[in-house]
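Fold and contact review
These are the residues of each chain, in order.
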Amino acid sequence: MTTLWQYRELFVYLVRRDLTLRYRRSVLGLLWTVLHPLAHMGVIFVVFSGVLSLRTESYAVYVLSGLLFWNFFTQSVTTSMTSLAANRALLLKVPVPKTIFPLSACLSGLANWVISIGPLLLILVVSGHPMGTSLLFLPIAIVVGFLFTAGVGLALAPLAVFFRDVVEMVTVVLRLLYYLTPIMYPITMVPERFTWIIRLNPVGPVLEIFRGPIYLGLIPSVQSMAAALLVALVALAVGATVYRLTGDRVAYHI
Amino acid sequence: MGPVRINLEGVSVRYRLSTHRIHSLKEWLISCLGGGLSYRDLWALRDVSMSVRAGETLGVIGPNGAGKSTLLRVVGEVLRPTTGRVRIAGRVAPILSLGAGFSGDLTGVENVYINALLLGRTRSEIDSSIDGIVDFAGLAEFIDSPAHTYSTGMMARLGFAIATAWAPEVLILDEVLSVGDAHHVERCRARIESLQAAGSTVLMASHSRHAILANCRRCIWLDHGTVVMDGPAEETLEAYHATVATCLGADRPRPSAPPGGLRFSG
């Protein structure tokens, strides 16, 4: 941890690089980091509140807030997994902690997540969704979501170096997890006898404390908060352990 | 002579190559269940011991696959040896090139910041040295252009300028002087000399007899992961080139090749 703190300036540069490189040489440049999620959300909003004419407009807000977290999670995990191979040449030359690469991938995801909150608030205003002080809880939910995602990314990054098919497997698992997580459907739609499957899904509690304050306008209960924090800390512990056990071997296999 | 900067004691590096190539988790599980994995061991370094002092420039020579890059990785603290002990006093600066550390889409300045931060420098240190770095690399007019517009030589100059900007305790040069033009090579030699005078230890791997003779007084010759010779640069080079000549003359494998003749490349 203390060594990672020494590299804080590097993290800033790496995240800035990821954000600017994506849209460099485009006409609108950095504006795209806001426009892209806004356009994406606009489409979803129109589809779910207009075309499908589901009962309430707030259903679109439910889906949107869920997707924001999900996009952050999958984007960060996927780029973390390939981050070591992508920086192979660097890893074999510079004695930096190898955790820098998956962590900066997650931090770039985090930056995109935080930026996309802006367009989300805009949609809340446009749709007339009630907004309360519960939104002030979002920073805490985002930190917990980041810790969880960083843990998963740290655990998978070295595994993807040792076994090439981990990337493929995780992609499939993420797809499955997407349907097992109540993002597009409310959990109340799930038949009673299947809810345990949904409840076993570790992503659920972490998503819930982010979506609750936006969609329900409620600060999460102590139980949901504890569940999310527990899941996040377990993921982080697993990630740190995998890294400690395998970090030295990465240079041999990459 | 100054204090010992690099100290290796009985350092060996073993790469395990599975006899049937295993790249996937599935294949690994199958082979584990089906009677265990069989490996072939490849010793990229075998019981290497050496010390290099402050102010010394050590050349590393040997054929492809002799273990030169592995040795530089061990000294650069990016590869922990399988057995043996490595002690490095101070900061190590490797030279970065395109592919390692340089992003083609970023400008020269942005690349300088990222690379120097990777080498453990702080932003304020870079702020105050950036002009000197750009100047040494001779890239003043190009420094705000994206790095993919640079030639290989320009990139090499920038990498060298960054790595040497703060007089690192240990400088690692892996065949990087060979891409510059004569003018740059001479400036590099001068800078290496002044670093040496300031107490830096330089480790340089090269196939260029000229580069070794111009920069190093001491040189080690590696073959199949072991140190064949460690001595004054002229003598080591002479002995090495003598065996190359014998091999060519007699048209047979190198004398020190072990049975099986497996070599490590990279």
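Computed from a predicted structure; not experimentally measured. (Residues numbered from 1 in each chain as written. Chains lettered and ligands numbered in written order. Predicted model: local features only at pLDDT ≥ 70, side-chain atom pairs only at ≥ 80, totals over all residues. Heavy atoms only, no water.)

Before going further, it helps to examine the packing of helix α10 (residues 203-216) of chain A against helix α11 (residues 222-253) of chain A. All names here are of chain A. Look at α10 against α11: their axes get within 8 Å of each other, and the N-to-C directions meet at 130°. On the basis of their axis angle, the class for α10 and α11 is oblique. The way α10 lies across α11 gives a crossing that is left-handed. Across the interface between the two elements, P205, V206 and I209 from α10 touch S224, M225, A227, A228 and V231 from α11. In terms of residue class, the contact of α10 with α11 is made up of 7 nonpolar, 1 polar and no charged. (Axes fitted to C-alpha atoms, helices over the stretch in contact; angles between N-to-C directions. Helix = DSSP H or I, 4+ residues; strand = E, 2+ residues; numbered from the N terminus. Parallel < 35°, antiparallel > 145°, perpendicular 65-115°, else oblique. Left-handed = near helix turned anticlockwise from the far one by under 90°. Contact = heavy atoms within 4.5 Å. Nonpolar A, V, L, I, M, F, W, Y, C, P; charged D, E, K, R; others polar.)

Before going further, it helps to spend a moment on the packing of aromatic side chains. Applying the stated criterion across every chain yields a total of 14 aromatic pairs over all chains. Between Y62(A) and Y215(A), the aromatic rings sit 5.0 Å apart at their centres with planes inclined by 70°, giving edge-to-face as the arrangement. Of this pair, Y62(A) sits in helix α4 (residues 58-86) while Y215(A) sits in helix α10, placing them 153 residues apart in sequence. Exposure remark for Y62(A): the relative accessible area of 7% places this residue in the buried category. Residue Y215(A) is classed as partly exposed on the basis of its relative accessible area of 26%. Members of the aromatic cluster, connected to one another through ring pairs, are F69(A), W70(A), F72(A), F73(A), W113(A), F148(A), Y178(A), Y179(A) and F210(A). Geometry around F136(B) places R191(B) over its ring, the cationic atom sitting 3.9 Å from the centre. (Phe/Tyr/Trp six-rings, centres within 6.5 Å; stacked < 30°, edge-to-face > 60°. Buried < 20%, exposed > 50% of the residue type's maximum accessible area, 1.4 Å probe, protein only. Lys NZ or Arg CZ within 6 Å of the ring centre and 35° of its normal.)

Moving on to the sheet that holds strand β8 (residues 218-223) of chain B. Residue and element names in this part refer to chain B. Pairing is mixed across the open sheet formed by 6 strands, whose spatial order is β5-β6-β7-β3-β8-β9. For this open sheet the edge positions go to β5 (92-94) and β9 (226-232), each flanked by a neighbour on one side alone. Averaged over neighbouring strand pairs, the angle between their axes works out to 20° when direction is ignored. As paired elements, strand β3 (residues 57-61) and β8 share 4 bridges and run parallel to each other. Note that in β8 the partner of I61 across the bridge is W221. Against the sheet, helix α2 (residues 68-75) makes contact with β3, β5, β6 (170-174), β7 (201-205) and β8, and its axis sits at roughly 155° relative to β6, the strand it touches most. (Pairing = 2+ DSSP bridges.)

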